[in-house]
Amino acid sequence: MTSKQIKWGIAPIGWRNDDMPEIGAGNTLAHLLSDVVVAKFEGTEVGGFFPEASILNKEIELRQLRIVGQWFSSYLIRDGVSATAALFHEHCAYLQEVNAEVAVVSEQTYSVQNEERNVFALNLKPILTDEEWEIVCQGVDILGGIAKTYGLKLAYHSHMGTVVQTKEEVKRLMEGTDPNLVGLLYDTGHTFIADGEYLSVLDTHCQRINHVHFKDVRKDVLTTCEQKGLTFRQSFLRGMFTVPGDGCIDFEPVFLRLVEKGYQGWIVVEAEQDPEIAHPLEYALKARQYIDSKLLKKSIGTVDS
Ligand SMILES: O=C1C[C@@H](O)[C@H](O)[C@@H](O)C1=O
Ligand SMILES: [Co+2]
């Protein structure tokens, strides 16, 4: 058992947010990447504001960083498999050029993630029919096959406000897809908010987890957002999410389980907050401090043997 197979990254979402490009718009690529270095992370994911591959490669090589992967919104139900696959080829070609490892996929048909809708009401969340489940599972398998041809692994991201959100929906997607083509992106924040079952989801699907997002949740803010029936955007702007160690999720058992199960890959800190309120570098350093003192230090001797 060792934690040495794990690489640590931090996502641009604390600096600039693709769901709300207007916030943090003044934060440049150079600023973000240099902050990533200062906070001693090894890599980052691609944000919507990132430049063409040759320019990005120059910037990351100068700082000896790695590009981990990038989010892809699939619309398999709305647009069909062929149209989605064509866009996904372009997505993967870019990721291959920047030497990334992971293509993150999330089905966004019917998603209320970016809409003016209560994201917490389970009775209002989008639900797929049996026929639609077939389309999504088969489509994600096809995308997984495409990712493979570019040397990438596909990691499916369950997400609040989407058709794959709850523990049961994650299970159905995992059971309906090919383990050789499709893995699970385990995002602690989304898994916690979906139904609190973040440890059982980890235990059930540990063999399928091929990418991890460490996102913490401020319980008091979450409770207010739930009570007020806020949208996803309103909730993260209020500070529902934060970096690991700053909220209510217990990352020690999460990390220990990942190491014990032999997880190899990236853990990316991903905390969307308003950068005007939560200084991105300050929070990146906070995350680093927590990882070093609570996760890595404690795991030495327990798992690194
Ligand atoms: O991985 C993610 C990417 C974002 O675009 C998304 O909204 C966020 O919540 C997330 O977990
Ligand atoms: Co995530």
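Residues numbered from 1 in each chain as written. Chains lettered and ligands numbered in written order. Predicted model: local features only at pLDDT ≥ 70, side-chain atom pairs only at ≥ 80, totals over all residues. Heavy atoms only, no water.

The name that an unreviewed UniProt entry assigns to the protein chain is Inosose dehydratase, with the source organism given as Shouchella hunanensis. Per UniProt, the protein chain carries the Sequence similarities (unreviewed entry) text "Belongs to the IolE/MocC family." We quote the UniProt Pathway (unreviewed entry) comment for the protein chain here in full: "Polyol metabolism; myo-inositol degradation into acetyl-CoA; acetyl-CoA from myo-inositol: step 2/7." (UniProt positions renumbered as here; feature names shortened; annotations may be inferred.)

(A) Looking closely at the coordination of the cobalt ion (ligand 2). Bound to the cobalt ion (ligand 2) are the protein donor atoms H157 (NE2), D187 (OD), H213 (ND1) and E270 (OE), situated 2.1 to 2.3 Å from the metal. Coordination at the cobalt ion (ligand 2) is octahedral: its 6 donor atoms span angles of 71 to 167° at the metal. Spacing between the donor residues of the cobalt ion (ligand 2) along their common chain follows H-x29-D-x25-H-x56-E. Here H157 is found in strand β6 (residues 153-157), whereas its partner E270 is found in the loop between β11 (265-269) and α12 (280-299), with 113 residues between them in sequence. For the pair H157 and E270, a shared accessibility class is recorded, and that class is buried. (Donors = N, O, S within 2.8 Å, 3.2 Å for Na, K, Ca; no water. Tetrahedral: all angles 85-135°; square planar, octahedral: opposite > 155°, others 65-115°. Helix = DSSP H or I, 4+ residues; strand = E, 2+ residues; numbered from the N terminus. Buried < 20%, exposed > 50% of the residue type's maximum accessible area, 1.4 Å probe, protein only.)

(B) Just the pairing of strand β7 (residues 182-187), in detail. Counting buried residues along β7, 6 of its 6 residues qualify, which places the element largely inside the surrounding structure. Every second residue of β7 is oriented toward a common face, with V182, L184 and Y186 on one face and G183, L185 and D187 on the other, all of them buried. Pairing of β6 with β7, which is carried by 4 bridges, proceeds in the parallel orientation. By the bridge assignment for β7, A155 is matched with G183. For the handedness criterion, the β-α-β arrangement of β6, helix α6 (residues 167-176) and β7 is classed as right-handed. The pairing of β7 with strand β8 (residues 209-214) spans 4 bridges and is classified as parallel. Counterpart to L185 in the pairing with β8 is H211. (Pairing = 2+ DSSP bridges. Right-handed = clockwise from strand over helix to strand, strands pointing away.)

(C) Examining the site of ligand 1 more closely. Lining the immediate surroundings of ligand 1 are 13 residues, of which D19, H157, H190, E270 and E272 lie closest. Note that an oxygen atom of ligand 1 is positioned 3.0 Å from one of the side-chain N or O atoms of Q113. In the model, an oxygen atom of ligand 1 is placed 2.8 Å from a nitrogen or oxygen of the H190 side chain. Contact with the protein chains removes 94% of the 290 Å² of surface that ligand 1 exposes when unbound. (Near = heavy atom within 4 Å. Polar contact = N/O pair within 3.5 Å; in protein donor to acceptor, adjacent residues only side chain to side chain. Areas by Shrake-Rupley, 256 points an atom, 1.4 Å probe, with all protein chains shown as cover.)

(D) Layout of the packing of helix α5 (residues 130-149) against α6. Remark: α5 packs on α6, axes separated minimally by 9 Å, with the N-to-C direction vectors making an angle of 55°. When the axis of α5 is compared with that of α6, the two are oblique. With respect to the hand of their crossing, α5 and α6 are arranged in right-handed fashion. For the pair α5 and α6, contact is made by D130, W133, V136, C137 and D141 and by E169, R172, L173 and G176, respectively. (Axes fitted to C-alpha atoms, helices over the stretch in contact; angles between N-to-C directions. Parallel < 35°, antiparallel > 145°, perpendicular 65-115°, else oblique. Left-handed = near helix turned anticlockwise from the far one by under 90°. Contact = heavy atoms within 4.5 Å.)

(E) Examining helix α7 (residues 188-195) more closely. α7 sits mainly inside the fold: 7 of its 8 residues count as buried. When α7 is considered as a whole, its buried residues turn out to be T188, G189, H190, T191, F192, I193 and A194. Between the side-chain oxygen of the N-cap and the backbone nitrogen of G189 there are 3.0 Å, and the N-cap of α7 in question is D187. Once α7 ends, the next one or two residues include G196, with phi positive near 80°.

(F) Seen up close, the packing of α6 against helix α8 (residues 198-205). Two elements in contact, α6 and α8, have axes whose closest approach is 11 Å; the angle formed by their N-to-C orientations is 10°. Classified by the interaxial angle, the pair formed by α6 and α8 is roughly parallel. Note that α6 runs across α8; the crossing there is right-handed. Contacts from K167, V170, K171 and M174 of α6 reach α8 at S200, V201 and H205. Looking at side-chain class alone, the contact of α6 with α8 contains 3 nonpolar, 2 polar and 2 charged residues. (Nonpolar A, V, L, I, M, F, W, Y, C, P; charged D, E, K, R; others polar.)

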